[in-house]
Amino acid sequence: MPEMSSQPLAPATIAVTAGRPARVQGGPVNPPIVLSSTYVSQGTPGDELLYTRSGTETWQDFEAALAALEGAACPAVVMGSGMAAVAAALAAVPHGGVLVVPRHAYQVSLGFADDLAARHAVEVRRVDIADTDQVVAALDGADVALLESPTNPMLEVADLPALIAAARERGVRTVVDNTFATPLVQRPLELGADVVLHSVTKYLAGHSDVVMGALLTNDPAIEAELRGYRTLHGAIAGPMEVWLALRGLRTLHLRVERAQANAAELARRLADHPAVAEVRHPSLPADPGHDRATRLMGGYGAIIGLRPAGGAAAADAVVAALRLWVPATSLGGVESTLERRRRFATESLTVPEDLLRMSVGVEDVEDLWADLDQALRAAAA
Ligand SMILES: Cc1ncc(COP(=O)(O)O)c(C=O)c1O
């Protein structure tokens, strides 16, 4: 990244400039993809690249760029998926230890916590992440707290500064899943979080063509622990995927800005739609997370929770009637997608049966609205 002495670079500039090769006459502007499983090496190994499961050039470029965006002191640790990142971060819970998790969070992260409970006698405490007193009480005697805000799919907003401070006082390691917010909207390491994790699959890569994860920390000892875990467990990302993710990252600020603006506008219109029972988006003044998000976040995100009038059958009918919106799981791509979350038997039972999780993309907002409006009307008829 170019050095500018007078002022720190803005996130948009970091997204475009970080992780590029050194400027040399005739050199490439983008890093090359190095497809090599091994590196020339003999004698006692030093710091050089040796074998791709433990490190490769293409990772380093992405790891530097993401660390610059999150404001991390250490390079990111890229992983084969967001779940590989969750597994690596939660490996810090000792056998017989205590893990605090949100009652609503990415369902597979919660499944992973349950698996830890079953196999390693870990006590899992599920909390309402928006209820600060409840979370702080659960931190007593805990080892690790997985914090997710806004939560998937309920969009609850946590008081991250208060929770991170309370965890630090009690010696509890905090792992913040920053997938929904992205580093453009909140940077938990600056609040004192120990680890930030991402499903890079979502906004960071941004084009629904890559599955990848990443971990970030300011603590070199934790970074070494996470890198060691990755090498031992082998959950690595391929160089092609990492290169694609870095290309996606170049437009993160543009995509997030547009998707958030689209989401806020659609949420505002949905709140007045006759075929809508409830809409959740932190941008709405009546949303339970609005005040906190306004105070703590640099945006409201681009995920909407929608409960059409008429229950789960109406929600399924809306999905079926949409033409532009893509019925699909996952989120954070340039295209708008949605799904009824309780179609998964594994989703938390406190998530309403009729909740549609909508990932708003970067299309024209009027086209998105016209499609939604006709689908809601068709489902209601
Ligand atoms: C908030 C959140 N964290 C983690 C994950 C897991 O990421 P991946 O699917 O890349 O393994 C997801 C996936 O949907 C997610 O939404």
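Cut-offs used in this document
Residues numbered from 1 in each chain as written. Predicted model: local features only at pLDDT ≥ 70, side-chain atom pairs only at ≥ 80, totals over all residues. Heavy atoms only, no water. Helix = DSSP H or I, 4+ residues; strand = E, 2+ residues; numbered from the N terminus. Rg over C-alpha atoms; globule rule 2.2 N^0.38 Å. Buried < 20%, exposed > 50% of the residue type's maximum accessible area, 1.4 Å probe, protein only. Contact = heavy atoms within 4.5 Å. Areas by Shrake-Rupley, 256 points an atom, 1.4 Å probe, with all protein chains shown as cover. Lys, Arg positive; Asp, Glu negative; His and termini not counted. Charge placed at Lys NZ, Arg CZ, Asp CG, Glu CD. Polar contact = N/O pair within 3.5 Å; in protein donor to acceptor, adjacent residues only side chain to side chain. Near = heavy atom within 4 Å. Nonpolar A, V, L, I, M, F, W, Y, C, P; charged D, E, K, R; others polar. Patch = residues over 30% accessible without salt bridge, like charges linked within 9 Å, V, L, I, M, F, W, Y side chains within 5 Å. Salt bridge = Lys/Arg side-chain N within 4 Å of Asp/Glu carboxyl O. Domains from an automatic or database assignment. Buried area = accessible area lost by both parts, 1.4 Å probe. Arc of directions from axis to C-beta. Pairing = 2+ DSSP bridges. Axes fitted to C-alpha atoms, helices over the stretch in contact; angles between N-to-C directions.

## Quick notes on the overall build of the protein
- A tally of helices and strands in the protein yields 12 helices and 12 strands.
- The C-alpha atoms of the protein give 21 Å as radius of gyration, which agrees with the globular expectation for 381 residues (21 Å, within 12%).
- In terms of principal-axis extent, the alpha carbons of the protein reach across some 75 × 55 × 40 Å.
- Sorting the 381 residues of the protein into buried and exposed places 54% on the buried side.
- Residue pairs at least 24 apart in sequence account for 69% of intrachain contacts in the protein once pairs closer than 6 positions are excluded.
- Surface accessibility of the protein: about 15900 Å² in total, with carbon and sulfur atoms responsible for 55%.
- Taking the average location of the 31 positive side-chain charges in the protein and that of its 45 negative ones, the two points are 2 Å from each other.

## Quick notes on helix α3 (residues 82–90)
- Extensive coverage of α3 is indicated by the burial of eight of its nine residues.
- Among all positions in α3, only Gly-82, Ala-84, Ala-85, Val-86, Ala-87, Ala-88, Ala-89 and Leu-90 are buried.
- One side-chain oxygen of the residue at the start of α3 lies 3.3 Å from the amide nitrogen of Met-83, identifying that residue as Ser-81.

## Let's talk about the site of the ligand
- Around the ligand sit Ser-81, Gly-82, Met-83, Tyr-106, Glu-148, Asn-152, Asp-177, Thr-179, Ser-199, Thr-201, Lys-202 and Met-212, and that is every residue in its neighbourhood.
- Within the side chain of Thr-201, a nitrogen or oxygen atom sits 2.6 Å from an oxygen atom of the ligand.
- For the ligand, whose accessible area on its own is 390 Å², the fraction buried by protein is 92%.
- When the residues that make up the shell around the ligand are grouped by side-chain class, the tally is three nonpolar, six polar and three charged.

## Considering a nonpolar patch on the surface
- On the surface, a cluster of nonpolar side chains totalling about 290 Å² of accessible area is made up of Ile-33, Leu-35 and Met-240.
- Locating Ile-33 in the fold gives a position in the loop between α1 (11–17) and α2 (57–70).

## As for the domain arrangement of the protein
- Each assigned domain of the protein is listed with its residue range as follows: domain 1 (11–249) and domain 2 (252–380).
- Between the C-alpha centres of domain 1 and domain 2 there is a distance of 26 Å.
- Residue-level contacts link 39 residues of domain 1 with 37 residues of domain 2.
- Taken over both partners, the interface formed by domain 1 and domain 2 buries close to 3000 Å², and the fraction arising from carbon and sulfur atoms is 60%.
- Broken down residue by residue, the surface that domain 1 buries against domain 2 is led by Gln-107, Leu-155 and Tyr-203, which jointly contribute 24%.
- Where domain 1 meets domain 2, there are one salt bridge.

## So, helix α6 (residues 160–169)
- Among the residues of α6, those classed as buried are Leu-160, Leu-163, Ile-164, Ala-166 and Ala-167. The arc that holds the buried residues of α6, viewed along the axis, is 160°, so those residues lie on one side. Structural note: α6 exposes Arg-168 and Glu-169 on the side pointing more than 90 degrees away from its buried face.
- On the buried face of α6, the contacting elements are α5 (132–139), β4 (144–148), β5 (173–177) and α10 (290–296).
- Residue Gly-171 follows α6 closely and has a positive phi angle near 70°.

## Thoughts on the pattern of salt bridges
- Under the defined criterion, the tally for this structure stands at 28 salt bridges.
- Residue Arg-103 pairs with Asp-128 through a salt bridge whose shortest N-O separation is 3.5 Å. Remark: Asp-128 occurs in the loop between β3 (123–127) and α5 and Arg-103 occurs in the loop between β2 (98–102) and α4 (107–120); sequence separation between them is 25 residues.
- Judged by relative accessible area, Asp-128 falls into the buried class, the value being 18%.
- One salt bridge connects Asp-194 with Arg-168, and the closest N-O pair in it is separated by 3.5 Å. Linking Asp-194 in the loop between β5 and β6 (195–199) with Arg-168 in helix α6, this pair joins segments that are 26 residues apart in sequence.
- What emerges from the salt-bridge pattern is a single network uniting Glu-339, Arg-341, Arg-343, Glu-347 and Arg-357.

## What about the sheet that holds strand β8 (residues 276–280)?
- Taken in spatial order, the five strands of this open sheet run β8-β9-β12-β11-β10, and their pairing is mixed. Across the chains shown, the open sheet's two edge strands, defined by having one partner strand only, are β8 and β10 (326–327).
- Here strand β9 (residues 303–308) pairs with strand β12 (residues 356–359) via four bridges, running antiparallel. Paired with Leu-306 across the strands is Leu-356, a residue of β12.
- Set on the sheet, helix α11 (residues 311–321) makes contact with β9, β10, β11 (337–340) and β12; between it and β11 the angle comes to about 155°.

## A word on the pairing of β12
- The alternating pattern of β12 places Leu-356 and Met-358 and Arg-357 and Ser-359 on opposite faces, both of which are buried.
- Two strands pair when backbone bridges link them, and β11 and β12 are joined in this way by four bridges, in the antiparallel orientation. Bridging from a neighbouring strand, Leu-338 pairs with Met-358 of β12.

## Digging into the sheet that holds β3
- A sheet is described by the order of its strands in space; here seven strands give the open sequence β1-β7-β6-β5-β4-β2-β3, paired in mixed fashion. Bordering the open sheet on either side are β1 (77–79) and β3, each of which pairs with just one other strand. Sheet twist, expressed as the average angle between the axes of neighbouring strands with direction ignored, equals 20°.
- With two bridges connecting them, β2 and β4 associate as parallel partners. What sits directly across from Leu-99, in β4, is Val-144.
- Packed on one face of the sheet, α5 meets β2, β3 and β4 and runs near 170° to β3.

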